[in-house]
Amino acid sequence: MAQRQSRHRDSTREPVEAWKTVVAVAAGWWYRLVQQFKAAAAPADRERGDVPGWVMITLMSAVLVAGLLVVVQPALERLFDSAMEQVQP
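Now for a look at the structure at hand. (Residues numbered from 1 in each chain as written. Predicted model: local features only at pLDDT ≥ 70, side-chain atom pairs only at ≥ 80, totals over all residues. Heavy atoms only, no water.)

Regarding the overall build of the protein chain
The helix and strand inventory of the protein chain stands at two helices and zero strands. A buried classification covers 0% of the 89 residues belonging to the protein chain. (Helix = DSSP H or I, 4+ residues; strand = E, 2+ residues; numbered from the N terminus. Buried < 20%, exposed > 50% of the residue type's maximum accessible area, 1.4 Å probe, protein only.)

Some thoughts on the packing of aromatic side chains
Across all of its chains, the model carries one aromatic pair by this definition. With 5.0 Å between their ring centres and 80 degrees between their planes, Trp-29 and Trp-30 make a pair best called edge-to-face. A relative accessible area of 51% means that Trp-30 is categorised as exposed. (Phe/Tyr/Trp six-rings, centres within 6.5 Å; stacked < 30°, edge-to-face > 60°.)

So, a nonpolar patch on the surface
A surface patch of nonpolar side chains, about 580 Å² in accessible area, is lined by Leu-69, Val-70, Val-71, Val-72, Leu-76 and Leu-79. Locating Val-70 in the fold gives a position in helix 2 (residues 51-86). (Patch = residues over 30% accessible without salt bridge, like charges linked within 9 Å, V, L, I, M, F, W, Y side chains within 5 Å. Areas by Shrake-Rupley, 256 points an atom, 1.4 Å probe, with all protein chains shown as cover. Salt bridge = Lys/Arg side-chain N within 4 Å of Asp/Glu carboxyl O.)

Set out below in structure tokens:
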């Protein structure tokens, strides 16, 4: 009979242990989520993603495209004219 009571006590303890596990996992998940939001709001490296660098890259890309357009513009015009001549009304 003593064994029966100890089994009964163990079986009633299992749901409590399960809830403790669920609460611990949820608390850990929330803690990590809050830490990620804090890290995203205040990055550790202030130099990361500086605007002047991106402005320089964009400006250089625009100059490169403009330079290429000057070189290939006659060929593009001939290609366009040839395509328009092939279209029949």
